[in-house]
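# Remarks on the overall topology
The chain contents come next:
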Amino acid sequence: MIIQVKKDINEEQQQQIFKTITDVGYTPRLIQTQLGAYIIGTGKGKFDIRRMGNLPGVLDIHRVTDNFKLVSRMWKVKDTAVDLGDGVSIGRDDFTIMAGPCSVESTSQTLQTAIHLQENGLRMMRGGVFKPRSSPYSFRGAGMEGLKEMAEICRKHEIKIVTEVMELSQIDQMYDYVDIFQVGARNSQNFNLLDALGKVDKPVLLKRGMSGTIDELLQSAEYIFYAGNEKIILCERGIRTHENAYRNTLDLNAVPILKEKSHLPVIVDPSHGIGIRRFVEPMALAAVMAGADGIILEVHDTPEKALSDGQQTLSFDEARNLYQKANQTYQFLKNL
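Below is a short write-up of the structure. Only a predicted model underlies this, so the values are computations on that prediction, with no experimental measurement involved. All chains use their own residue numbering, which begins from 1 and follows the written sequence. Under the rules for a predicted model, residues below a pLDDT of 70 receive no local features and side-chain atom pairs below 80 are neither given nor counted, while totals for whole chains, interfaces and linings still include all residues. Computation of side-chain values covers all heavy atoms of the structure but excludes hydrogens and water.

## Some points on the environment of D293
Note the threshold: Each helix corresponds to a stretch of at least 4 residues labelled H or I by DSSP, and each strand to a stretch of at least 2 residues labelled E; elements are numbered beginning at the N terminus. Partly exposed residues are those whose accessible area sits between 20% and 50% of the maximum for their type, while under 20% is buried and over 50% is exposed, using a 1.4 Å probe and protein chains only. Any pair of residues with heavy atoms lying within 4.5 Å of one another is described as a contacting pair.
When you line up the elements, D293 lands in the loop between α10 (277-289) and β14 (294-298). Classification of D293 by relative accessible area gives buried; the value is 6%. Apart from the residues within four sequence positions on either side, D293 is in contact with G91, R92, D94, F95, T96, K259, P265, V266 and I267.

Printed below as a string of structure tokens:
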């Protein structure tokens, strides 16, 4: 069960709720987030929830049978929106497009991308500065200096930044320069990292693991919420299957299923999902039709010269065309 309590609940009220939960054979845990306070009760057996509903300090109580309780839609019917400030929000009534290079390569590249985004009305740049690469000989990102330059340029153009964090030690270094911490597929079950990001008051974009199930993605999101961070965005980016005609199998089935199971916003990464430039557009539009709250795209001024993932990266002209089609498709669905 989940008991929503007053954020300023006092010790006496908390202990009374804990005792009542313990008396019915459940184990209570208090969760304090940046947006609210919750007491989670885990256990088995039936009880009358009215015993808790009228206790001092209790706002509401919900039965949640999912293993992922806090991210479950069973207690929160209304979709969550992640507010980034300055009129930028992800989820609920907003469709968000995030775009930028796989890897931040140079100051001029970042500036050109920022101008491209601003000209097309986009408010979020993606770009990796710490890159997990399969080969140690591949370009692994521009590091903190690249991130600092990226932040300086993006702030001048009123653009938010989403970039990948790979280890605990990077969180504090990156904090002042990012708007969303991205957890990549390889780290989707790095529970120490998820715990640490749960203690940070900045949104987390959580990508599905390469072989991860939908429930495993939601369990990973639960780690972040449980540690105190409600600002979570789920991302379907394709899973590894036996098929080798494309990079990954983009599981668009996951979009409606995730939105049925969870109140969190769901976005799709068609660039990694299919890994073939000419097919990114149809898969992105299919993601919109499936009900995604946004898409995240790899975009480069000259994809053929990109230091990473050029084969799946759109040119500025290709991206501009897709932005228009994606927004038109979203508006069409809204007006149905």
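## Focus: the packing of helix α3 (residues 107-119) against helix α11 (residues 316-334)
Applied cut-off: Note on geometry: axes are C-alpha line fits, over the in-contact stretch for helices, and angles between N-to-C directions span 0 to 180 degrees. With respect to orientation, any angle under 35 degrees is reported as roughly parallel, any angle over 145 as roughly antiparallel, any angle of 65 to 115 as roughly perpendicular, and every other angle as oblique. It is the rotation of the near helix from the far one that decides the hand of a crossing: anticlockwise by less than a right angle makes it left-handed, clockwise makes it right-handed. Residues are grouped as follows: Ala, Val, Leu, Ile, Met, Phe, Trp, Tyr, Cys and Pro are nonpolar; Asp, Glu, Lys and Arg are charged; all remaining types, including Gly, are polar.
Relative to each other, α3 and α11 sit at 25 degrees, their axes nearing to 11 Å. For the element pair α3 / α11, the angle class is roughly parallel. Handedness of the α3/α11 crossing: right-handed. Of the residues in α11, those in contact with Q112, T113, H116 and L117 of α3 are F316, A319, R320 and Y323. Considering only residue class, the contact of α3 with α11 consists of 4 nonpolar, 3 polar and 1 charged.

## Here we look at the pattern of salt bridges
Rule in force here: Any Lys or Arg side-chain nitrogen located within 4 Å of an Asp or Glu carboxyl oxygen qualifies as a salt bridge.
Scanning the model with the defined rule gives 17 salt bridges in all. Among the salt bridges present, the one from R126 reaches E298, with a minimum N-O distance of 3.7 Å. Of this pair, R126 sits in strand β8 (residues 124-126) while E298 sits in strand β14, and the two are 172 residues apart along the sequence. Exposure remark for R126: the relative accessible area of 3% places this residue in the buried category. Its salt-bridge partner being K207, residue D269 comes within 2.6 Å of it at the nearest N-O pair. A residue pair is termed long-range when its members are at least 10 positions apart, and D269 in the loop between β13 (266-268) and α9 (270-274) and K207 in strand β11 (residues 204-207) qualify at 62 residues. On the basis of relative accessible area, D269 is assigned to the buried category, the value being 0%. In the salt-bridge network here, residues are joined through shared partners; they are R208, E236 and D251.

## Concerning the environment of K19
Relative to the helices and strands, K19 resides in helix α1 (residues 11-23). Distance in space between the C-alpha atoms of K19 and F332 is 52 Å, their sequence separation being 313 residues.

## A short note on the sheet that holds strand β3 (residues 37-42)
Condition: Pairing between strands is defined by DSSP: at least two bridges between them are needed.
Taken in spatial order, the 4 strands make up an open sheet running β2-β3-β1-β4, and their pairing is antiparallel. Looking along the sheet, the strands with just one partner apiece sit at the ends: β2 (27-32) and β4 (58-62). Across the sheet, the mean angle from the axis of one strand to that of its neighbour is 20 degrees, orientation sign disregarded. Where strand β1 (residues 2-5) and β3 come together, 4 bridges link them in antiparallel fashion. Looking across to β3, one finds that Q4 is bridged to Y38. On the sheet, α1 packs against β1, β2, β3 and β4 and is oriented at approximately 145 degrees with respect to β2.

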